[in-house]
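Each chain, letter by letter, is given below.
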Amino acid sequence: MTGEASTPLLKVENLLVAFGRAKAVDGISFDVAPGEMLGLVGESGCGKSTTALALMRLLRDAEIGGTAHLNGVELLGLDEAAMRARRGADVAMIFQDPGTALHPMIRVGDQIVEALTAHLNISRREARKRAIDLLRKVGIAAPEERFSVYPHEMSGGMCQRVVIAMAMACAPRLLLADEPTTALDVTVQAQILELLQGLVREEGMGVILITHDLGVVAGMTDRVAVMYAGAIVEMAATEELFATPLHPYTHGLLRSIPQLDSGWDEPVPTIPGSVQGAELQTGCRFAPRCAKASDACRTPPALREIGENHFVSCWNTP
Amino acid sequence: MARFLINRLLQSAVLLFGVSIVGFALMHLAPGGPLAIYTLNPTVTAQDIERIKVLFGLDQPVYVQYFKWAGGLVSGNWGYSFFGGQQVREIVLDRLPATFLLMGTSLALALVIGVAIGTLAAVRRNSVFDYATAIGAMIALSLPTFWFGLLAIFFFAQTLGWFPAGGMVSIGDGSLLDRLHHLVLPVVVLALVLVAQWSRYTRSSMIDILDQDFVRTARAKGISPSRVLVNHGLRAALVPLVALAGLQLPLLVGGALVTETVFSWPGMGLLFISVLSTRDYPVLMAILMVGAVVVVLGNLLADIVVALVDPRVKLHDE
Ligand SMILES: Nc1ncnc2c1ncn2[C@@H]1O[C@H](COP(=O)(O)OP(=O)(O)OP(=O)(O)O)[C@@H](O)[C@H]1O
Ligand SMILES: [Mg+2]
């Protein structure tokens, strides 16, 4: 899907986010083609949410650098009013915890209506009709009745469907899904992912799917970017990445997926150490936890293209 | 709802019953008892005292006195003043409108200004405005109301002559304008402490809410900042404050008492002070009970309002 000819929907260059002195995202670059689903994986605290929130310009008290072009419009340079016109309309976001993402005192239907009327010049009646259509579209039974329900009267999966309906309301071209299923039951997770995949295909929107579940990545995404301590360490087409992972961190991540055919008593391999303080590292940030670390790792490796559209930042890969 | 109301009204009745017993007991335990003003007066003979005792029913056992008094209170016969023999109910209810006018106006004013200041301080956290209002609130909360009252009279009534120093109307004038003119200083003085409290409570509640996920969701929709603030932020932030308003009522009643005294405002507070010096117990007790009813019903009202605005709160029967 990422042919050379197609201009990217989103082109992020050198994105940098700092909270005070701590750089949560340290100069990452990637792009998303129209209709493409990019997986963004990495362990907790590596800067996945921060990346998405920076693109939405929803971070407060953060210094942001770099550029992010959405259909040629540089999002990070827009003034607040212009950015507000894009939020929800051109780029929308789905949040991790559906239990807290909805306003507890507003009927779910009205929350969707608000997402519609924020950008579309339609009557309240028309907005209500469309909100009910959206509820139906995200698989909520009896949408007319559910329109008037409050979030606490719905299950977590239902709430996440509402959040998805809200994000889809104005048919944005880019969708940022930040761990959309992490807070849900396993059975519900599969349903939500299926729903998401169907909707995205139907609308042809570009998606950044943030997750730390590699199983989800394998089943859904076209391409994967692996993040470690605020940087992208490897990026490749999903199949390629799973077949020939090059970065030691990616290796570790793949090995730590529990295998169905492994015995009960076999421990799941983990990556020793933790990401703590990695951004203070002068050389390669993964070096302290890396089995292959060598002297070369004292200078930070850049992301370089090794195979076709396969990028990795490591000195010790062929 | 009906069951909740009946339950709460029963609870309130029990509470008021308790208040009446405590109040009645205090009146009889006070040195000299209800007739201290006579017994301590050397010109009143022992025979006179006996006569007065029989007249007011004070020769009967205390519990009989209590039930007679309490029964009368409920059935509308509040007894007669020890001095002048006027109907207590008339004396007290005559003063009620003036007090309600003062308290109601102050409360309304304080809510509007306090919430506005608190919201702005929360949005502009750590700004000059935030610090200035924090200091102002601290001063208002740490200095006594009567002192503010005297200060206001000194500056705005005596020195500048902008407002009358006391009373509710000028003699020979009863126009609306004249009444409003008299209302200004007492209302401002009484509202001052309430504004200070409300601005602080609103600020902290608002800061809590603005950090919530659902506010971020609202911003992600691309709606205007004022809509995010009022429709999403304030709506949620004010719920706990409504209950607080109920709890604040005793403070308001106490403040009204002081303010009325300072400004010779002819309300229940001023009446209370004057009958306190003459120990006109039937009137004192009636004022106490009216005050208690206002506080109890105010709290009930606050609970009902919370249940009406917050769908998560169910009016259940404990
Ligand atoms: N508002 C903030 N102020 C200061 N530091 C922050 C803030 N938000 C995030 N961070 C820091 O930025 C880093 C990246 O956080 P982020 O939430 O993006 O991680 P994540 O990859 O989404 O992790 P998770 O899987 O737990 O969601 C973390 O070290 C976090 O402590
Ligand atoms: Mg996250």
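Placed above this text is the structure.
The structure displayed is predicted, hence computed values, not measured ones.

Peer 1: For the overall build of chain A, give the residues involved together with the corresponding values.
Peer 2: Check the secondary structure of chain A and you find 11 helices and 12 strands. The C-alpha radius of gyration of chain A comes to 20 Å, within 12% of the 20 Å expected for a compact globule of 318 residues. If one aligns the C-alpha atoms of chain A with their principal axes, the spans along those axes are about 65 × 50 × 40 Å. Carbon and sulfur atoms make up 51% of the accessible area of chain A, which totals about 14400 Å². Taking the average location of the 28 positive side-chain charges in chain A and that of its 38 negative ones, the two points are 6 Å from each other.

Peer 1: I'd like a rundown of the interface of chain A and chain B, residues and numbers included.
Peer 2: Across the contact, 24 residues belong to chain A and 24 residues belong to chain B. Interface area, chain A with chain B, both sides summed: about 2300 Å², of which 59% is carbon and sulfur. At the surface where chain A touches chain B, the tally comes to 3 salt bridges. Here B:Lys221 ties to A:Glu114 by a salt bridge, and the two come within 3.0 Å at their closest N and O atoms. Counting across the interface, chain A meets chain B through 13 residue pairs in polar contact (both at pLDDT 80 or more). Among the elements of the structure, helix 1 (48-56), helix 3 (98-101) and helix 4 (108-117) of chain A are those that each provide at least two residues to the side of chain A that touches chain B.

Peer 1: Lay out the sheet that holds strand 5 (residues 73-74) of chain A with the relevant residues and their values.
Peer 2: Residues and elements named next belong to chain A. Taken together, the 4 strands give an open sheet; going across it, the order is 2-1-4-5, and neighbouring strands pair in antiparallel fashion. Both outer strands of the open sheet, strand 2 (22-32) and strand 5, are each paired with one neighbouring strand and no more. In this structure, strand 1 (residues 10-19) lies alongside strand 4 (residues 63-70), joined through 7 bridges in antiparallel fashion. Across the sheet, Val12 pairs through a bridge with Ala68, a residue of strand 4.

Peer 1: Give a description of unusual backbone geometry that names residues and reports values.
Peer 2: Residues and elements named next belong to chain A. In this structure, Ala229 takes a positive phi of about 50° despite not being glycine. Phi angles above zero are rare outside glycine, and Asn309 is one such case at about 55°. The exposure class assigned to Asn309 is partly exposed, which follows from its relative accessible area of 26%.

Peer 1: Which residues make up the site of ligand 1, and what values go with them?
Peer 2: Residues and elements named next belong to chain A. In the vicinity of ligand 1, the residues found are Phe19, Ala24, Ser44, Gly45, Cys46, Gly47, Lys48, Ser49, Thr50 and Glu179. Residue Ser44 places a side-chain N or O atom 2.4 Å away from an oxygen atom belonging to ligand 1. Between Cys46 and ligand 1, the recorded distance is 3.3 Å, taken from a backbone N or O atom to an oxygen atom. Alone, ligand 1 offers 630 Å² of accessible surface; in the complex the protein occludes 57% of this. Ranked by residue count, the leading element in the shell around ligand 1 is helix 1, at 3 residues. Classifying every residue of the shell around ligand 1 gives 3 nonpolar, 5 polar and 2 charged.

Peer 1: Any details on the pattern of salt bridges? Residues and values, ideally.
Peer 2: Residues and elements named next belong to chain B. Following the criterion strictly, the structure yields 21 salt bridges over all chains and no others. Its salt-bridge partner being Asp303, residue Arg8 comes within 2.3 Å of it at the nearest N-O pair. Here Arg8, found in helix 1 (residues 2-29), pairs with Asp303, found in helix 12 (residues 281-309); they are 295 residues apart in sequence, far enough to count as distant. Overall, Arg8 belongs to the buried group, its relative accessible area being 14%.

Peer 1: Give a detailed account of the environment of B:Ile287, specifying residues and quantitative values.
Peer 2: Positionally, B:Ile287 belongs in helix 12. In this view, B:Ile287 contacts B:Val92, B:Met268, B:Leu271, B:Phe272 and B:Val275; residues no more than four positions away in its chain are not counted.

Conventions used here
- Residues numbered from 1 in each chain as written.
- Chains lettered and ligands numbered in written order.
- Predicted model: local features only at pLDDT ≥ 70, side-chain atom pairs only at ≥ 80, totals over all residues.
- Heavy atoms only, no water.
- Helix = DSSP H or I, 4+ residues; strand = E, 2+ residues; numbered from the N terminus.
- Rg over C-alpha atoms; globule rule 2.2 N^0.38 Å.
- Areas by Shrake-Rupley, 256 points an atom, 1.4 Å probe, with all protein chains shown as cover.
- Lys, Arg positive; Asp, Glu negative; His and termini not counted.
- Charge placed at Lys NZ, Arg CZ, Asp CG, Glu CD.
- Contact = heavy atoms within 4.5 Å.
- Buried area = accessible area lost by both parts, 1.4 Å probe.
- Salt bridge = Lys/Arg side-chain N within 4 Å of Asp/Glu carboxyl O.
- Polar contact = N/O pair within 3.5 Å; in protein donor to acceptor, adjacent residues only side chain to side chain.
- Pairing = 2+ DSSP bridges.
- Buried < 20%, exposed > 50% of the residue type's maximum accessible area, 1.4 Å probe, protein only.
- Near = heavy atom within 4 Å.
- Nonpolar A, V, L, I, M, F, W, Y, C, P; charged D, E, K, R; others polar.

Read these as spatial facts, not as claims about activity.
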